[in-house]
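Results of the structural survey
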Amino acid sequence: MKDSKLLPKERLSKHIASLPKSGIRDFFELVNNMNGDEEIISLGVGEPDFVTPWNIREAAIYSIEKGHTSYTSNLGLLSLRKAICRYLESDYGCSYCPENECIVTVGVSEAFDLAIRAITNPGDEIIYVEPCYVSYNAEIRMALGVPVALETREENEFSVDVEELRSKVTPKTKAIILNFPCNPTGATINLQQMKAIAEIAIENDILVMSDEIYSELTYEGRLPSIASLPGMKERCIFLHGFSKSFAMTGFRVGFACGPADIIASMMKIHQYSMMCASTSSQEAAEEALKSGRKEMEKMREEYMERRNVMVQGFNRAGLSCFLPRGAFYTFPCIKSTGLKSKDFAMRFLEEYKVAVIPGTAFGKCGEGYVRCCYAASMENIKEAVRRIGLFVNSLKG
Ligand SMILES: Cc1ncc(COP(=O)(O)O)c(C=O)c1O
């Protein structure tokens, strides 16, 4: 076999090679290497600890039993798209046409990827709110866009400072990405802020990508979607899925709803790269919308109790912690310990066997914080906060 004449660095796409590895993945590798260590409590992974409700699992089994083993329409099962559109109408006040304004994807991850690639020309600026889900910055860069971070701070309850947002808008701004309730802070925005953001988008002819993956998991009342505000439907891409609120991460089903031209463009990428989401998973998702609401509500109530126990535990340990309004993460401040986020997370894992994620994995302004997921058993949460008390105490001496 002939040796490759390409130097190692020439074999790879430069812009992909320049992307940093996800800070979360680095940390998981570390935890995995420590596996076998029975005592480790993981507050790291952002996924429900609940098994998918039985009737949803059963729908997937039936789908296979019935021999539904072929591709679906590239846009996704029409019956599922109809169910999604009914759901967005009844619960979010957003009206979409299942035939051409809705696409079923492999998780919100794919929906996000399609949306960003469908709207971004090289050099377009995309504003996103930091600290944020680890994929946003990398996804924008992979689409050859320019990521523009809008920092949020604990003193503003990690919410959007509308004037600061306005100052980030330039003639090159193509879109704003919103994710409320937010991963990793659990913050939301209020209606007034939402209206102000919509006004900025309309005034400057900017698109809005709203990642609503945690929208059902709110604890202080539900907000409408920004897509339902006047003048927003035509400039909004509504991204959502079944992973979190229906505890269906492994099924890999998400969706996007939006203006027909954008959905058609997303569809082009989807049909060449993915073709369709898994057929049995789509049927399970349809069942989730039909009968999964009660179970979802039970999980939400349970998460709220766990949130309270975790936040109280941090406060007892002397750490300030913003009370998250949604999702299933807390973002306690660890600045008083004198440790950097990464050192705190490393030492807590090595010395006290609890895995949390350094806040910097979610953006520079996450320094001084760690993300702890409370989609873990109450028993583990109580033990983890007991150990955090011991750890913080040990740092004082
Ligand atoms: C904000 C946010 N968006 C999207 C995703 C991806 O979710 P999915 O499993 O639907 O691909 C996650 C997963 O953690 C997330 O936190």
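Fair warning: this is a prediction, and the values are worked out from it, not measured in the lab.

Counting secondary structure elements, the chain contains 14 helices and twelve strands. Relative to a compact globule of 397 residues, whose C-alpha radius of gyration would be 21 Å, the chain shows 21 Å and is just as compact. Its C-alpha atoms give the chain principal-axis dimensions of roughly 65 × 65 × 50 Å. Counting all 397 residues of the chain, 55% fall into the buried class.

To continue, consider the sheet that holds strand 11 (residues 357-358). Taken together, three strands build an open sheet; the order of strands is 9-12-11 and the sheet is antiparallel. Across the chains shown, the open sheet's two edge strands, defined by having one partner strand only, are strand 9 (329-330) and strand 11. Across two bridges, the pairing between strand 9 and strand 12 (residues 370-373) is antiparallel. Counterpart to Tyr-329 in the pairing with strand 12 is Cys-373.

Attention now goes to the sheet that holds strand 5 (residues 173-178). Across the sheet, seven strands lie side by side as 2-8-7-6-5-3-4; this open sheet has mixed pairing. Each end of this open sheet is capped by a strand with a single partner; those strands are strand 2 (102-105) and strand 4 (146-151). Averaged over all neighbouring strand pairs, the angle between strand axes comes to 20°, with direction disregarded. Sheet topology places strand 3 (residues 125-130) next to strand 5; four bridges connect them, and they run parallel. Directly across from Ile-127, in strand 5, lies its bridge partner Ile-176.

What follows is about the domain arrangement of the chain. In terms of domains, the chain is made up of domain 1 (8-51 + 294-396) and domain 2 (54-291). Each of domain 1 and domain 2 has a C-alpha centre, and these two points are 24 Å apart. At the interface, 40 residues of domain 1 touch 36 residues of domain 2. Interface of domain 1 and domain 2: buried area, both sides summed, is about 3300 Å²; carbon and sulfur atoms make up 63% of it. The largest per-residue losses of area from domain 1 upon contact with domain 2 belong to Met-296, Phe-322 and Arg-325, which jointly make up 22% of the total buried on that side. Put simply, domain 1 and domain 2 have two salt bridges between them. A salt bridge links Arg-307 to Glu-220; the shortest N-O distance between them is 2.8 Å.

Our next topic: the packing of aromatic side chains. A full pass over the atoms with the stated rule returns 21 aromatic pairs. Measuring from centroid to centroid gives 6.4 Å for Phe-331 and Phe-362, while their planes differ by 75°, and the two rings are edge-to-face. Note that Phe-331 is positioned in the loop between strand 9 and helix 13 (341-352) and Phe-362 in the loop between strand 11 and strand 12, a separation of 31 residues in sequence. Taking relative accessible area as the criterion, Phe-362 reaches 2% and is therefore assigned buried. With centroids separated by 6.4 Å and ring planes inclined at 40°, the aromatic side chains of Phe-348 and Tyr-352 adopt a geometry described as tilted. With a gap of four residues between them, Phe-348 and Tyr-352 both fall in helix 13, about one helical turn apart. Taking the relative accessible area as the measure of exposure, Phe-348 reaches 1% and is therefore buried. Within the aromatic cluster, the residues linked to one another by ring pairs are Phe-50, Tyr-214, Tyr-303, Phe-328 and Tyr-329. Above the face of the Tyr-92 ring, Arg-222 is positioned so that its terminal group lies 4.7 Å from the ring centre.

Time to look at the side chain of Thr-173. Relative to the elements of secondary structure, Thr-173 occurs in strand 5. Side-chain polar atoms of Thr-173 contact the backbone nitrogen of Thr-170, separated by 2.8 Å. Once residues lying within four places of it in the same chain are set aside, the contact partners of Thr-173 are Glu-125, Ile-127, Lys-168 and Ile-206.

Where helix 3 (residues 23-33) contacts helix 13, the axes come no closer than 11 Å and their chain directions differ by 15°. Here helix 3 lies roughly parallel to helix 13, going by the angle between them. Taken as a pair, helix 3 and helix 13 cross one another with a handedness that is right-handed. Along its contact with helix 3, which presents Phe-27, Leu-30 and Val-31, the element helix 13 presents Ala-345, Met-346 and Leu-349. Counted by class, the contact of helix 3 with helix 13 contains six nonpolar, no polar and no charged residues.

Quick notes on the rules
Residues numbered from 1 in each chain as written. Predicted model: local features only at pLDDT ≥ 70, side-chain atom pairs only at ≥ 80, totals over all residues. Heavy atoms only, no water. Helix = DSSP H or I, 4+ residues; strand = E, 2+ residues; numbered from the N terminus. Rg over C-alpha atoms; globule rule 2.2 N^0.38 Å. Buried < 20%, exposed > 50% of the residue type's maximum accessible area, 1.4 Å probe, protein only. Pairing = 2+ DSSP bridges. Axes fitted to C-alpha atoms, helices over the stretch in contact; angles between N-to-C directions. Domains from an automatic or database assignment. Contact = heavy atoms within 4.5 Å. Buried area = accessible area lost by both parts, 1.4 Å probe. Salt bridge = Lys/Arg side-chain N within 4 Å of Asp/Glu carboxyl O. Phe/Tyr/Trp six-rings, centres within 6.5 Å; stacked < 30°, edge-to-face > 60°. Lys NZ or Arg CZ within 6 Å of the ring centre and 35° of its normal. Polar contact = N/O pair within 3.5 Å; in protein donor to acceptor, adjacent residues only side chain to side chain. Parallel < 35°, antiparallel > 145°, perpendicular 65-115°, else oblique. Left-handed = near helix turned anticlockwise from the far one by under 90°. Nonpolar A, V, L, I, M, F, W, Y, C, P; charged D, E, K, R; others polar.

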